[in-house]
Amino acid sequence: MESRVFADDHNDQTQDFGYGLAGRLELDDSLDDMQSRMQVFARVDKEDPHRQRLNIEELYGQWNHGNLSLFAGFKTINWSTAEAFHPTDVINSRNFDGPFENAEKVGELMAGFQYVSNSLNFTAFYMPLLQKPQLPTSNNRLSFSPQGFAVGAPTFVGNDGEVLKSGDLVQQWATRVQAVLGDWEFNFYWVHHFDRTDFRGVFDFNRGLFVPVLNPVDHYAFAFQYVVGSLILKSENVFRDFNEQITIADFANSIRRDDYFMSSLALEYLIGHRSGSESTVVMEFQEVYGVDDSVRYTINPFQRDLLLGLRHAYNDIKGKEFFIGIIGDLERSREILLTSNYSQRLSDVWKVKLSGRYIDAQPTGPLDLSGMRPLNNDHQFEIHVSRFF
Amino acid sequence: MNFLVILLFLVSSQAHADRGLEIMKKAEEFNNGFVGESSTMEMVLVNAHGDKVERKMNSKVQEVSDDGDKSIITFLWPADVKGTKMLTWSHKTENDDQWLYLPALKRVKRITSTNKTGSFMGSEFSYEDLGSQEVEKYTYTFKGEKDIKGRKAWVIERKSTDKNSGYGKQVVHLDKEYQNPLQIGYFDRKMELLKVAEFSNYKKYGKYWRASKIEMKNVQTKKKSILEWKNRKLNQKFSDADFNQNRLKM
């Protein structure tokens, strides 16, 4: 069961309150070297029918033989290392009706292989299916669209300007090389796909639409982690290589996609307490390089931002844990997001999670979609009560 | 005269240290060669009022000949942590390498192993108690011999060389036949007795003895945790790939 409430925006067109039911069904099976897994997520919201979801998160088979694995089906891939900023975690379509720094993922259809060894691992997979991102509708308080514009269907535009739709077959692939050398861990990635975490909004003034446009991109990325005592240093870096000038026939105009570099640096420091509990101090920074400031502001909600956070785990019978953090734009004043959550078991099968967010990011005008500004004043409180079977 | 007393004390201390180390090394050698081990672990947490809750895990251990062992603990119960896995590559002297697989996020997270005092699943066991017990990670003093519940044991005091250890010292009662502990007393940094672990229900697997039950009592809070092993198998042959971070997801 989940419920959320937003601070009143005095707008009858938006939905400030929601409550509904969500369920996740997971099935695992294995026989010798063969393994299979299914995970399906469903949500219905009594107040907002647009929040209804039925997503296949995982549905795949995997064959492991020695150091080699072959797999095929829908998978969820997580390449993030940090709490909030993860530029290299780009596979999978997302449901952005939630915390945008950690949006829910939808399974991606893929087939591939993985080779693992003590210090070197290699993964490659092919993703033949275009899968659209799930974007909040204009009546949703987490919508990125400006007031007065409905959210159009996500539009995929290829390098030659051809318009594709979700469900079309395309050439997409990803490779990853991982090296683990003692306290160091290095990752190198090359991904060619339509990135659902990075899209441009195009205004269709005739139809009053705000249309998310997605383009093919090559990611060349590098990430590392280094453990030194109680400290973990992490960094994720990606260069996004677009076909820079793409004509979008449907809108009778063109969109310029500049190549850019996105980098994040994170520090986590663990403090163990005599009581058995532990605290983790988190500091993360993310920056976008290589484009004009006006473009940079629109590339990502966090384009020169700093996160300071504290996670405390009581390590007790109830598994009590809380996190409090603040993300602030280091360049533009009054652009902050305060986030906190608390969770604990109510019993061995019941769990409650409370979370709150406060967003102060005053836009300069109705069409100002830069940084966190589309979400200005979308303060919210959520409660999730989960029953495990 | 004073010089002679000091000299005798130093020689005696060194002899006790050497004897303690020698016993622990022999115990380690005796326990080497098990290849791999798998088991199901059930833990009952009892609070001061006698209320009980249960935890369940699967465990796999791979012996590594020239370094610390590799292990994976898969959490089975309570339901909200089901599928969470902790992979540890332990080392003889350096900090262990650890990864945590979080099934809700499909994320393999590198974690530090320096939090020795952290409570394991809310129990009276800390990560230090259940982590690798490599001989090289302690200094030893032989304290004598003692009968415990009719069994003959060496009494050895050990101090962790890790500055993050939660204990000032541990007093190990090592069974002469099992070459494994019968009892360990854990003393806090103020050298006050904090916890006592009693190892029981020893079973023999080939030449190896393993305790099937550890009862950890916290003498300061009166809480206790009982850890029991079921379906234990030794001489299990795992591949290196089974202990790879990328295989945690399945």
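Look above for the structure.
Residues numbered from 1 in each chain as written. Chains lettered and ligands numbered in written order. Predicted model: local features only at pLDDT ≥ 70, side-chain atom pairs only at ≥ 80, totals over all residues. Heavy atoms only, no water.

Peer 1: Explain the overall build of chain A here, please?
Peer 2: Along chain A, the regular secondary structure elements total one helix and 27 strands. Radius of gyration (C-alpha) of chain A: 21 Å, near the 21 Å computed for a compact globule of 389 residues. Each of the three principal axes of chain A carries a C-alpha extent, and together these read 60 × 45 × 40 Å. By residue count, 54% of the 389 residues in chain A fall in the buried class. Long-range contacts, defined as pairs at least 24 residues apart, comprise 57% of the intrachain contacts of chain A with a sequence gap of at least 6. For chain A, the exposed area adds up to about 17100 Å²; of that, 58% sits on carbon and sulfur atoms. The distance from the centre of the 35 positive side-chain charges to the centre of the 53 negative ones in chain A is 4 Å. (Helix = DSSP H or I, 4+ residues; strand = E, 2+ residues; numbered from the N terminus. Rg over C-alpha atoms; globule rule 2.2 N^0.38 Å. Buried < 20%, exposed > 50% of the residue type's maximum accessible area, 1.4 Å probe, protein only. Contact = heavy atoms within 4.5 Å. Areas by Shrake-Rupley, 256 points an atom, 1.4 Å probe, with all protein chains shown as cover. Lys, Arg positive; Asp, Glu negative; His and termini not counted. Charge placed at Lys NZ, Arg CZ, Asp CG, Glu CD.)

Peer 1: Is there a simple way to think about the interface of chain B and chain A in this case?
Peer 2: How big an interface is tends to be stated in terms of the accessible area lost upon association of its parts. Counting residues at the interface gives 39 residues for chain B and 53 residues for chain A. Both faces considered, chain B and chain A share a buried interface measuring about 3700 Å² in area, 44% of it formed by carbon and sulfur atoms. If you look at where chain B meets chain A, you find seven salt bridges. Here B:D80 makes a salt bridge to A:R345, at a shortest N to O gap of 2.8 Å. Joining chain B to chain A, the criterion identifies 29 residue pairs in polar contact (both at pLDDT 80 or more). Among the elements of the structure, β2 (52-62), β3 (70-77), β5 (97-102) and β6 (107-111) of chain B are those that each provide at least two residues to the side of chain B that touches chain A. Here the element with the most residues in the side of chain B that touches chain A is β6(B); it accounts for four residues. Per-class residue counts for the side of chain B that touches chain A are 13 nonpolar, 13 polar and 13 charged. (Buried area = accessible area lost by both parts, 1.4 Å probe. Salt bridge = Lys/Arg side-chain N within 4 Å of Asp/Glu carboxyl O. Polar contact = N/O pair within 3.5 Å; in protein donor to acceptor, adjacent residues only side chain to side chain. Nonpolar A, V, L, I, M, F, W, Y, C, P; charged D, E, K, R; others polar.)

Peer 1: Mind showing me how you'd approach a nonpolar patch on the surface here?
Peer 2: Residue and element names in this part refer to chain A. Where nonpolar side chains cluster on the molecular surface, the patch consists of L31, M34, W63, L68, L70, F113, Y115 and F122 and spans about 710 Å² of accessible area. By the secondary structure assignment, M34 is in strand β3 (residues 34-45). The class for M34 is partly exposed, based on a relative accessible area of 43%. (Patch = residues over 30% accessible without salt bridge, like charges linked within 9 Å, V, L, I, M, F, W, Y side chains within 5 Å.)

Peer 1: How should the packing of aromatic side chains be read in this particular structure?
Peer 2: Given two aromatic rings, their pairing is described by the distance between the two centres and the angle made by the two planes. All names here are of chain A. All chains considered together, the criterion is met by 32 aromatic pairs over all chains. Aromatic side chains W79 and Y189 sit 4.7 Å apart centroid to centroid with 40° between the ring planes, which places their arrangement in the tilted category. Here Y189 lies in strand β14 (residues 184-194) and W79 lies in the loop between β5 (68-75) and β6 (93-95), a separation of 110 residues in the sequence. Neither residue differs from the other here; W79 and Y189 are each classed as buried. For the pair F186 and F222, a centre-to-centre distance of 6.5 Å together with 15° between the ring planes defines the contact as stacked. Of the two residues, F186 is situated in strand β14 and F222 in strand β17 (residues 216-228); the sequence distance between them amounts to 36 residues. Cluster of aromatic residues (ring-pair linked, three or more members): W184, F186, F188, F222, F224 and Y226. Lying across the ring of Y297, R332 places its NZ or CZ 4.4 Å from the centre. (Phe/Tyr/Trp six-rings, centres within 6.5 Å; stacked < 30°, edge-to-face > 60°. Lys NZ or Arg CZ within 6 Å of the ring centre and 35° of its normal.)

Peer 1: What should I look at first to understand the environment of B:H91 in this one?
Peer 2: Residue and element names in this part refer to chain B. Residue placement: H91 occurs in the loop between β4 (85-89) and β5. With a relative accessible area of 14%, H91 lands in the buried category. H91 sits 69 residues away from S160 along the chain, and the two C-alpha atoms are 14 Å apart. What H91 contacts, discounting residues up to four positions off in sequence, is D67, G68, D96, D97, S132, E134 and K137. At 2.9 Å, the side chain of H91 forms a polar contact with the side chain of D97.

Peer 1: Would you mind going over the environment of A:F381 with me for this structure?
Peer 2: All names here are of chain A. Here F381 lies in strand β27 (residues 380-387). For the pair F381 and F6, spaced 375 residues apart in the sequence, the C-alpha separation amounts to 6.5 Å. Leave out the neighbours within four places in its chain, and F381 touches S3, R4, V5, L354, S355 and G356.

Peer 1: Explain the environment of A:G229 to me, please; I cannot follow it from the model alone.
Peer 2: Along the polypeptide, A:G229 turns up in the loop between β17 and β18 (231-242). Residue classification places A:G229 among the partly exposed positions, given a relative accessible area of 33%. Along the backbone, A:G229 and A:D183 are 46 residues apart, and their C-alpha atoms lie at a distance of 9.5 Å. Contact partners of A:G229, with chain neighbours within four places excluded, come to B:N95, B:T112 and B:T114.

Peer 1: Teacher, can you tell me more about unusual backbone geometry here?
Peer 2: Most peptide bonds are trans, and most residues other than glycine sit at a negative phi. For the peptide bond that leads from B:W77 to B:P78, omega is 15°, which places it in the cis range. Mapped onto the elements of the fold, B:P78 is located in the loop between β3 and β4. Even without glycine at this site, A:N315 takes up a positive phi of about 50°. The residue A:N315 is located in the loop between β23 (304-313) and β24 (321-329) in this model. Residue classification places A:N315 among the buried residues on the basis of a relative accessible area of 17%. The phi torsion at B:N235 lies on the positive side, around 60°, for a residue other than glycine.

Peer 1: What's the story with the pairing of strand β2 (residues 17-31) of chain A in this structure? I'm lost.
Peer 2: Looking along a regular strand, one sees side chains alternate from face to face of the sheet. Residue and element names in this part refer to chain A. Across four bridges, the pairing between strand β1 (residues 2-6) and β2 is antiparallel. Across the sheet, the residue bridging to E2 is G20, located in β2. Both β2 and β3 contribute to a ladder of 12 bridges, which runs antiparallel. Considered in β3, the bridge of L27 is made with M38. (Pairing = 2+ DSSP bridges.)

Peer 1: Help me out: how do you make sense of the pairing of strand β25 (residues 335-345) of chain A in this one?
Peer 2: Residues and elements named next belong to chain A. Of the strand pairs in this sheet, β24 and β25 are connected by eight bridges, and their pairing is antiparallel. In the strand pairing of β25, F322 is matched with Y342. Here β25 pairs with strand β26 (residues 350-361) via 11 bridges, running antiparallel. Bridged to S343 within β26 is K353. Counted along the chain from β25 to the antiparallel partner β26, the turn is four residues long.

Peer 1: What exactly am I supposed to notice about the pattern of salt bridges here?
Peer 2: Think of it this way: side chains of opposite charge can pair up when their charged atoms draw near. Residues and elements named next belong to chain B. Scanning the model with the defined rule gives 61 salt bridges over all chains in all. Salt-bridge contacts for D96 lead to K137; the nearest nitrogen and oxygen are separated by 2.9 Å. Of this pair, D96 sits in the loop between β4 and β5 while K137 sits in the loop between α2 (127-130) and β7 (138-148); the two residues are 41 residues apart in sequence, bridging distant segments of the chain. Judged by its relative accessible area of 10%, D96 falls in the buried class. Classification of K137 by relative accessible area gives buried; the value is 13%.

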